[in-house]
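An overview of the molecular structure
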Amino acid sequence: MLPPNDLEEVLSCLPQALLRVGPDLRVQWCEEGFAAKTGVAIPPGGTLLDALEHGRSLDALERAIREGQPHTGHVITRALRQVRVQVKPTRTDGSAGAWLVMEPSGVDDEGAFSQAVREIARAVGESLEVDRVCSAAVVSLVRCAQVRRAEVFLYEEDDATLRRMAVSDLEGLDMPGDAFDPSEDPYRQALALRQPQLGIQRGYGDAVGSVFAAVPLCAPRRTVGLLLIYKEQGASFSVRELEMWSAAASQLAVAVENARLLREAQAALRVREEFMSIASHELKTPLTPLKLGLYSMERRIAAGQPVELASVLKSKRQVDRLAGLVEDLLDASRLELGRLALNSAPLEVGQLVAEVVDHFRHAFERPFSVEVPPDGVWMLGDRDRLEQVLVNLLENAHKYSPAGAPIAVRVERTGEAARIQVQDHGIGIPGADQAQVFQRFYRARNVSHRNFGGLGLGLFISHSIVKMHGGSLALCSREGEGSTFTLDLPRMAAHEVRRLPRRVLVLDEDRGQEASAERTLRAEGFEVFTVQNGAEALRKATHLPVDLIVLSTSATQSQVGSFLETFATLPRARPVPILLAGDSRPWWAQENAALCSRPYRADELLEGVRNVLTRARRRFVPPVESEPVLAS
């Protein structure tokens, strides 16, 4: 029996819509305003299957009607709107079927949608901390709509890893059903398309098969993460809901970006304040003794007294220190502006290392050791800038190591790289600080400004210079045990090295003979240095390794002695072979020392040079500290 006609007026006053269906799901009767209330148009005799989206929720509704069981749930219409439906089996007139009470569900209601958006905006706007913003968002989402759970995943600021920042039910943090792989659909599609995507949860227990929405957090310039919203089992999402979640996700993304920008700004302010404090102290440190020294010299000059050399040298050291601090600041500024230029040229890494370490040996009472490969390790690089990197690493090793502790420097080939390692046995760097030591102005926690000076720019500048060369600078350290810095730089290809000219130093007291040897060697592609004074010649050639020395045997004993004494004090990575030029070997030469005639004959000179260079390549290279060997 159908309801009387005057019931239509009563039903029109209610938000719910009434419908009666038979066991075959065909409509037997529906109220006049049914379509207006629900957005579902079902003509009499039509079937529910034509008006609703297929899915688990519709299957549960159909099963309840056919079995005559009561049921309450949510379904999605063909217009992709969510409605709540209650099933009341007919029992009074004996006919099979059911009454359905349907109404718009959740945020499909305009008032509920507006209220939810306002609530979410208020929640995420109350804090400028990323964690609190995300936590407030997920709690607000669950409270404002019919969802079981909400989670927020954000990209780490330094890589492309997604990390969960907040979840609405804290007790479910470790649920096995929450394994998250951003490479799977629909996560990947949501992130790639910047549009919400639906999926089925692969959880456990009551959560199995429930629908979730993956909504990207889209800030104006980038996607910052993902919002995951889980429905109760059997329920799905409507288009209106996805619109709301997208709006909420946009608000959350902007709030996260603002929070991160604030945090970065606060960190920059802290760094600036700390830097100003350190820079003031570091600049004042050399200025104070410099001012006192100059004042003392001024008084002595005014009194007609001589100025002591020691006072001048002390003042010069303070000026050098001040100039170094200013140069570090300028380099940091050039790097930030991209204005630091490299003047690259072929250089031999072992020779560079030997020269820099030699300066430290003379400046500090500390054992330094150097290991280099037998053959040269060549690369294209800016010699001055790479020397700056090595000086910085060695200064740090010396500064943070106890007195007398050794410092080791090794050069080796690894694949296509030239590797330099600087190892000390100092205070080391705490593990928590190691990822940040190459940042500008950063200083490890176990470094006291009072005990260890510096602006915190050295490693930042060194790391940047190495990157500009196409290399890498890495750190391995344990607090209290020391540190090892590993510098990898691209090597020159073997065929490029073979094209480099060999370098010959000619030392002859006769200018005519010296010029003759120079012409002969240059004609064959050698790079030749010829200077009367041996010390001057060696200093001129010290930046790049000398492959061979041609030494006249007719030089006086004092000339030879002066040369050898100077040679012994100059840095070198490997022994330099010597070719003697004269009628016979002098008393100080080895019996098997190589000898060519003088006056020079072109063929004999070239043959002697090539033979000595060939033998030198085959010979085992002794330690760096050894004296020059007269090649046989």
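On a predicted model such as this, the values are computed, not experimentally measured, just so you know.

How each quantity is defined
- Residues numbered from 1 in each chain as written.
- Predicted model: local features only at pLDDT ≥ 70, side-chain atom pairs only at ≥ 80, totals over all residues.
- Heavy atoms only, no water.
- Helix = DSSP H or I, 4+ residues; strand = E, 2+ residues; numbered from the N terminus.
- Buried < 20%, exposed > 50% of the residue type's maximum accessible area, 1.4 Å probe, protein only.
- Contact = heavy atoms within 4.5 Å.
- Areas by Shrake-Rupley, 256 points an atom, 1.4 Å probe, with all protein chains shown as cover.
- Salt bridge = Lys/Arg side-chain N within 4 Å of Asp/Glu carboxyl O.
- Pairing = 2+ DSSP bridges.
- Axes fitted to C-alpha atoms, helices over the stretch in contact; angles between N-to-C directions.
- Core = buried A, V, L, I, M, F, W, Y, C linked by side-chain atoms within 4.5 Å.
- pLDDT = per-residue confidence, 0-100.
- Expected span 1.5 Å × (residues − 1).
- Polar contact = N/O pair within 3.5 Å; in protein donor to acceptor, adjacent residues only side chain to side chain.

As a further point, take the overall build of the protein. Looking only at helices and strands, one finds 16 helices and 22 strands in the protein. Per-residue burial over the protein gives 46% buried out of 632 residues. Partitioning the intrachain contacts of the protein with sequence separation of at least 6 by distance along the chain shows that 62% fall at a separation of at least 24. For the protein, the accessible area works out to roughly 32,400 Å², and carbon and sulfur atoms hold 52% of it.

Scanning the model with the defined rule gives 15 salt bridges in all. Note that aspartate 508 and arginine 598 form a salt bridge whose closest N and O atoms lie 2.7 Å from each other. Pair noted here: aspartate 508 is in the loop between strand 18 (503-507) and helix 13 (511-523) and arginine 598 is in the loop between strand 22 (595-596) and helix 16 (602-618), with a separation of 90 residues, a long-range link. Overall, aspartate 508 belongs to the buried group, its relative accessible area being 2%.

This paragraph deals with the sheet that holds strand 4 (residues 82-89). With antiparallel pairing, the 5 strands of this open sheet are ordered in space as 2-1-5-4-3. Here the strands that pair on one side only, and so sit at the sheet edges, are strand 2 (27-30) and strand 3 (71-76). Strand-to-strand twist across the sheet, computed as the mean angle between neighbouring axes with direction ignored, equals 25 degrees. Across 6 bridges, the pairing between strand 3 and strand 4 is antiparallel. From the neighbouring strand, threonine 72 faces strand 4, where its bridge partner is glutamine 86. The strands touched by helix 3 (residues 56-67) within the sheet are strand 1 (17-21), strand 3, strand 4 and strand 5 (98-104), with strand 3 carrying the most contacts at an inclination of about 140 degrees.

What follows covers the nonpolar core. Among the nonpolar cores identified, the biggest contains 43 residues, and Val349, Val353, Leu394, Ile420 and Phe485 are the most heavily contacted of them. When sequence neighbours within four positions are dropped, the list of residues in contact with valine 349 reads Val377, Met379, Val411, Ala418 and Ile420. In this structure, Ala137, Leu141, Val224 and Val256 belong to the second largest nonpolar core, which totals 31 residues.

In the predicted model, the protein carries a mean pLDDT of 77, and 78% of its residues have values of at least 70. Here residues 170-179 is a poorly scored stretch, pLDDT under 50, and it has 19 contacts once near neighbours within four places are set aside; other chains count. Contacts for the low-pLDDT stretch residues 203-208, under 50 throughout, to residues beyond four places or in other chains number 10 contacts.

Okay, the sheet that holds strand 21 (residues 578-581) next. Taking strand neighbours across the sheet as the criterion, the 5 strands line up as 19-18-20-21-22 in an open arrangement whose pairing is parallel. This sheet does not close on itself; its edge strands, each paired only once, are strand 19 (527-530) and strand 22. Note: strand 18 against strand 20 (residues 548-552), 4 bridges, orientation parallel. Pairing of leucine 507 across the sheet is with leucine 551, part of strand 20. Against the sheet, helix 13 makes contact with strand 18 and strand 19, and its axis sits at roughly 170 degrees relative to strand 19, the strand it touches most.

This paragraph deals with unusual backbone geometry. The omega angle of the peptide bond from arginine 598 to proline 599 is 10 degrees, so this bond is cis rather than trans. Locating proline 599 in the fold gives a position in the loop between strand 22 and helix 16. For leucine 25, which is not glycine, the phi torsion reads 70 degrees and is therefore positive. Tracing the backbone shows leucine 25 in the loop between strand 1 and strand 2. Here leucine 25 falls in the buried class, since its relative accessible area comes to 1%. The backbone phi angle of arginine 194 is positive, close to 55 degrees, even though this residue is not glycine. With respect to the secondary-structure elements, arginine 194 resides in the loop between helix 6 (187-193) and strand 8 (197-200).

Okay, helix 10 (residues 383-399) next. For helix 10, built from 17 residues, the straight-helix expectation of 24 Å at 1.5 Å per residue is met to within 8% by its first-to-last C-alpha distance of 24 Å. Taken together, the buried positions of helix 10 are Arg383, Arg385, Leu386, Val389, Leu390, Asn392, Leu393, Leu394, Asn396 and Ala397. Its side-chain oxygen at 3.1 Å from the backbone nitrogen of aspartate 384, aspartate 382 defines the N-terminal cap of helix 10.

Below, the discussion takes up the environment of arginine 574. The topology assignment puts arginine 574 in the loop between helix 15 (557-569) and strand 21. Here the alpha-carbon distance between arginine 574 and valine 372, two residues 202 residues apart in the chain, equals 8.1 Å.

Burial along strand 21 is two-sided: the face carrying Ile578 and Leu580 and the face carrying Leu579 and Ala581 are both buried. Of the strand pairs in this sheet, strand 20 and strand 21 are connected by 4 bridges, and their pairing is parallel. Its bridge partner lying in strand 21, serine 552 is registered against alanine 581. Note that strand 21 and strand 22 share 2 bridges and pair parallel. Pairing of alanine 581 across the sheet is with cysteine 596, part of strand 22.

Attention now goes to the pairing of strand 15 (residues 417-423). As a general feature of sheets, a regular strand has side chains that alternate between the two faces. Taking burial as the measure, the 7 residues of strand 15 include 5 buried ones, the bulk of the element. Bridging between strand 14 (residues 407-414) and strand 15 involves 7 bridges; their strand directions are antiparallel. Bridge assignment links valine 411 to a residue of strand 15, and that residue is isoleucine 420. From the end of strand 14 to the start of strand 15, which pair antiparallel, there are 2 residues, and glycine 415 there has a positive phi angle of about 60 degrees. Bridging between strand 15 and strand 17 (residues 482-490) involves 7 bridges; their strand directions are antiparallel. For glutamine 421, the partnering residue across the bridge sits in strand 17 and is threonine 486.

Moving on, we come to the side chain of histidine 469. You can see histidine 469 is positioned in the loop between helix 11 (458-468) and strand 16 (472-478). Histidine 469 gets classed as buried once you look at its relative accessible area, which sits at 8%. A polar side-chain atom of histidine 469 sits 2.9 Å from the main-chain carbonyl oxygen of isoleucine 465. Beyond its immediate stretch of four places on either side in the chain, histidine 469 contacts Leu342, Met379, Leu380, Gly381, Asp382, Leu386, Leu489 and Pro490.

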